[in-house]
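# Structural description and commentary
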Amino acid sequence: MYDVIVVGAGHAGCEAAHVAAKMGSKVLLVTMNMETIAKMSCNPAMGGVAKGQIIREIDALGGLSGIVSDYSMMQFRMLNTSKGPAMWSPRSQNDRTLFSLKWRELLEKNFNVDFIQDSVTEINVENNSATGVLTSSGNTYSAKSVILTSGTFMNGVIHIGRKKMTGGRMGDKASYGITEQLTALGFEAGRMKTGTPPRVDGRTINYEILEEQPGDINPKCFSFRKPIKITKQHSCHITYTNEEVHDILRASFEDSPLFNGAIQGVGPRYCPSVEDKVNRFAERTRHQIFVEPEGWNTYETYINGFSTSLPQEVQFNALRKIKGFEQAKIFRPGYAIEYDFFFPTQLKLNLETKGINNLFFAGQINGTTGYEEAGCQGLMAGINAHLTINNQEPFILRRSEAYIGVLIDDLVNKGTKEPYRMFTSRAEYRILLRQDNADIRLMPLALKLGTITEAEFNVMSLKRNNIESIEKIVRKTTVTPIDANPMLTKYGTAEIPQNYVIEKVLARPQIGYKQLLEIGAIKKLLSDYSDEEIEQVEIQIKYKSYIKNEEENVQKLIKLENYKIDNSFDYQAIKSLSLEARDKLSTIKPENIGQASRISGVSPADISVLLVHFGR
């Protein structure tokens, strides 16, 4: 008898198994192939816009994605640094093999995790609760809860041109039985599609004529808890498609499963295949291609931006017309894959299904795309599975607390009919949810859960205390014209006529903390503090009014979320609600007024009706 069975060992499954075991649950991780635990099936990279914030949140909550990413990192870049700090997003290029091996090593070091190589064909259900799983080898494993993280494997079909084959990933078998069982139990399933580009032999790429994309001069890392800073980096490169490439692709559209009707699933809007880009953006003469290494000890190269399901010979001919790829050879062709998912509106906010107790869904089964989105769902499902079987309150992050909270709230309340991808624009409180303060935001919650150690929490506490000390210094200490004016003139801003409080100088848009530290007196004053701590103070000062505004809006949201709604409440009885609102509210069954306000089809007028009804 296990406490938790995790089905699938992708990014969601690994995070789920690790955190549940860390909290004390006895966990069984079931995977179809022990050699592909935490395999990076697509891009060998972690983070990116909004996704980097998620990795840092996972780390702050005790997950392993950040630590594994740092260990396997080949390059680090902080994206969007020309924009405001709410948009800054860390991204790493990773060694695909090291990433997977490190995940397996860390999971095996947790003796609360057992492993079995098998395929789950059925969820055992008794009295409307998940009680274990049945595998294709005929074995039954019992548990108090089950977390299903099936990725792209449920009824997976791979497409390359007019050829199609079953599989959950190239080289791996598909999984069968679970979709049919759950739909028979009343769950609503859908079909999605994703794809991957060809992998090319790096020895046949002419890098000398490509645009080099090096990593940051001072690379950072993802993990707050166990930071590993890389000492050497591997460059990526940039090239472009051209009209000749596009003509080759267009000539084979009839062989594309995307256009000839072979693919029924909905593909990712924000990561389309190259043939889809050529078709949808016909006015463009070129599309950007990122040439990314797969590892330190391999020439295999990922062609980011060239995802395709066209026939292999078409892929080859088109690639060879790209600058730098004139002699390119393909290691593995690109392909598309269709798979089953379940509409996430069938979940509670703790990722437990509404239809079956103690059954949790995490990752692509909920309609998301991306390692980061999957990993954070796995983390939350693992935490909540442990809490549920121990009769404890669920752990639910609000939209104002984390990008993870935004993602899950979007899925449960709005649902998705296409692969969901996180963006900073989805978070209305993004100036509060920055990548640099994820530890301060979330580690206090993680300490209560028991997913981080006291020592890890104390490191964050020291950082938080230092930030408060710096804030006091810059708000109370003045700088003289003699010290400040040479620096102010250098950066094109007005001189100060008299002593100024440091805070006022730092508030100027032309002046950042690096410029401020050019003043010897200030550098000496702040010598005990790290650049990261001083930078956070700069952000607090420069964006003070925005932060205050968002904090006020958060308080309004919290008030709405404090108005609880009983799960059995009859919305159909309130005739002053719109018909759509009654239907949506009855289906999703929000736990509070705040959640109700974010359901698609529920208007502000409907929320006013509910507030009046509940005497608020």
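Everything that follows concerns the structure shown earlier in this document.
Here is a short report on the structure shown in this document.

To continue, consider the overall build of the protein. Tallying secondary structure elements over the protein gives 21 helices and 22 strands in all. Relative to the compact-globule value of 25 Å for 616 residues, the protein shows a C-alpha radius of gyration of 26 Å, a close match. By principal-axis analysis of the C-alpha atoms, the protein measures approximately 80 × 70 × 50 Å. Burial status across the protein gives 58% buried among its 616 residues. Counted over contacts in the protein with a minimum sequence separation of 6, partners at least 24 positions apart contribute 71%. When the accessible surface of the protein is totalled, it reaches about 25,700 Å², and 50% of it is carbon and sulfur.

Picture the strands of a sheet paired through backbone hydrogen bonds; they go either parallel or antiparallel. The strand order across the open sheet formed by six strands is β14-β15-β16-β17-β13-β18, and the pairing between neighbours is antiparallel. In this open sheet, the two edge strands, each paired with only one partner strand, are β14 (211-213) and β18 (330-332). Averaged over all neighbouring strand pairs, the angle between strand axes comes to 35 degrees, with direction disregarded. Pairing of strand β16 (residues 288-293) with strand β17 (residues 300-304), which is carried by four bridges, proceeds in the antiparallel orientation. Looking at β17, one finds that E292 is bridged to Y302.

Turning our attention to the sheet that holds strand β19 (residues 335-342). Across the sheet, four strands lie side by side as β11-β10-β19-β12; this open sheet has antiparallel pairing. Each having just a single partner strand, β11 (163-166) and β12 (189-196) make up the two edges of the open sheet. Each strand of the sheet is rotated relative to its neighbour by a mean of 25 degrees, with strand direction disregarded. Pairing analysis gives three bridges linking strand β10 (residues 157-160) to β19, with the strands arranged antiparallel. Along β19, the bridge assignment pairs I158 with I337.

Attention now goes to the nonpolar core. Ranked by size, the top nonpolar core spans 100 residues in total, and within it I5, I147, L182, F361 and I404 carry the most contacts. Ignoring sequence-local partners within four residues, the contact set of I147 consists of V4, I5, V6, V7, A16, F360, A362, A381, G382 and A385. Judged by nonpolar contacts, the second largest core, of 23 residues, contains I473, A484, I496 and L526.

What follows deals with the pattern of salt bridges. Summed over all chains, the structure comprises 41 salt bridges. A salt bridge links K348 to E352; its shortest N-O distance comes to 3.4 Å. Residue E352 is classed as buried on the basis of its relative accessible area, which comes to 5%. K542 is the salt-bridge partner of E538, the closest N and O atoms lying 3.4 Å from each other. Residue E538 and its partner K542 are located together in helix α17 (residues 531-542), separated by four residues, close to a single helical turn. Classification of E538 by relative accessible area gives buried; the value is 12%.

Let's shift gears to the pairing of β10. Side chains on a regular strand alternate between the two faces of the sheet. Side-chain alternation along β10 places V157 and H159 on one buried face and I158 and I160 on a second face that is also buried. Judged from the four bridges that link them, β10 and β11 form a sheet pairing that is antiparallel. Its bridge partner being in β11, I158 is matched across the sheet by M165. From the end of β10 to the start of β11, which pair antiparallel, there are two residues, and G161 there has a positive phi angle of about 60 degrees.

The next subject is the side chain of R91. Of note, R91 is situated in strand β5 (residues 89-94). Among the polar contacts made by the side chain of R91, one reaches the side chain of E292 at a distance of 3.1 Å. Residues in contact with R91, not counting those within four places in the same chain, are N43, A45, M46, G47, G48, Q75, F76, R77, L79, F222, E292 and N304.

Residue placement: E561 occurs in helix α18 (residues 544-561). Exposure remark for E561: the relative accessible area of 8% places this residue in the buried category. Along the backbone, E561 and I228 are 333 residues apart, and their C-alpha atoms lie at a distance of 39 Å. The contact partners of E561, leaving out residues within four places of it in the chain, are R398, N592, G594 and R598.

What follows is about the packing of aromatic side chains. The geometry of an aromatic ring pair is captured by two quantities: the separation of the ring centres and the angle between the planes. Summed over all chains, the structure comprises nine aromatic pairs. Where F187 meets F342, the ring centres are 6.1 Å apart and the plane angle is 80 degrees; that geometry is what we call edge-to-face. Here F342 lies in strand β19 and F187 lies in the loop between α5 (178-184) and β12, a separation of 155 residues in the sequence. Take F187 and F342: they sit in the same class, and that class is buried. Here the aromatic rings of F342 and F361 are separated by 5.5 Å at their centres, their planes lie at 35 degrees, and the arrangement is tilted. Taken together, the positions of F342 in strand β19 and F361 in strand β20 (residues 359-361) put the pair 19 residues apart, joining distant regions of the chain. An aromatic cluster of three or more residues is present, and its members are F187, F342 and F361. Positioned over the ring face of Y240 is R286, at 3.6 Å from the centre of the ring.

Contact geometry for helix α6 (residues 243-250) and helix α8 (residues 312-319): axes closest at 9 Å, N-to-C directions at 170 degrees. On the basis of the axis angle, α6 is roughly antiparallel to α8. Every pair of crossing elements has a handedness; the one defined by α6 and α8 is right-handed. Here V245, I248 and L249 of α6 lie close against α8, whose contacting residues are V314, N317 and A318. In terms of residue class, the contact of α6 with α8 is made up of five nonpolar, one polar and no charged.

On to the state of the cysteines, then. Going through the model one piece at a time under the given rule, you end up with zero disulfides. Residue C221 stays outside any disulfide, its sulfur separated by 18 Å from that of C236, the closest cysteine. In this structure C221 comes out as buried when scored by relative accessible area, which is 5%. Free of any disulfide, C271 has its nearest cysteine sulfur in C42, 6.5 Å distant.

Further remarks concern unusual backbone geometry. You will see that A50, though not glycine, has its phi angle at about 70 degrees, which is positive. Relative to the assigned elements, A50 resides in the loop between β3 (45-47) and α2 (51-60). The class of A50 is buried, set by a relative accessible area of 0%. You will see that K589, though not glycine, has its phi angle at about 55 degrees, which is positive. Inspection of the secondary structure puts K589 in the loop between α19 (579-588) and α20 (593-597). A relative accessible area of 36% means that K589 is categorised as partly exposed.

Conventions and cut-offs
- Residues numbered from 1 in each chain as written.
- Predicted model: local features only at pLDDT ≥ 70, side-chain atom pairs only at ≥ 80, totals over all residues.
- Heavy atoms only, no water.
- Helix = DSSP H or I, 4+ residues; strand = E, 2+ residues; numbered from the N terminus.
- Rg over C-alpha atoms; globule rule 2.2 N^0.38 Å.
- Buried < 20%, exposed > 50% of the residue type's maximum accessible area, 1.4 Å probe, protein only.
- Contact = heavy atoms within 4.5 Å.
- Areas by Shrake-Rupley, 256 points an atom, 1.4 Å probe, with all protein chains shown as cover.
- Pairing = 2+ DSSP bridges.
- Axes fitted to C-alpha atoms, helices over the stretch in contact; angles between N-to-C directions.
- Core = buried A, V, L, I, M, F, W, Y, C linked by side-chain atoms within 4.5 Å.
- Salt bridge = Lys/Arg side-chain N within 4 Å of Asp/Glu carboxyl O.
- Polar contact = N/O pair within 3.5 Å; in protein donor to acceptor, adjacent residues only side chain to side chain.
- Phe/Tyr/Trp six-rings, centres within 6.5 Å; stacked < 30°, edge-to-face > 60°.
- Lys NZ or Arg CZ within 6 Å of the ring centre and 35° of its normal.
- Parallel < 35°, antiparallel > 145°, perpendicular 65-115°, else oblique.
- Left-handed = near helix turned anticlockwise from the far one by under 90°.
- Nonpolar A, V, L, I, M, F, W, Y, C, P; charged D, E, K, R; others polar.
- Disulfide = S-S within 2.5 Å.

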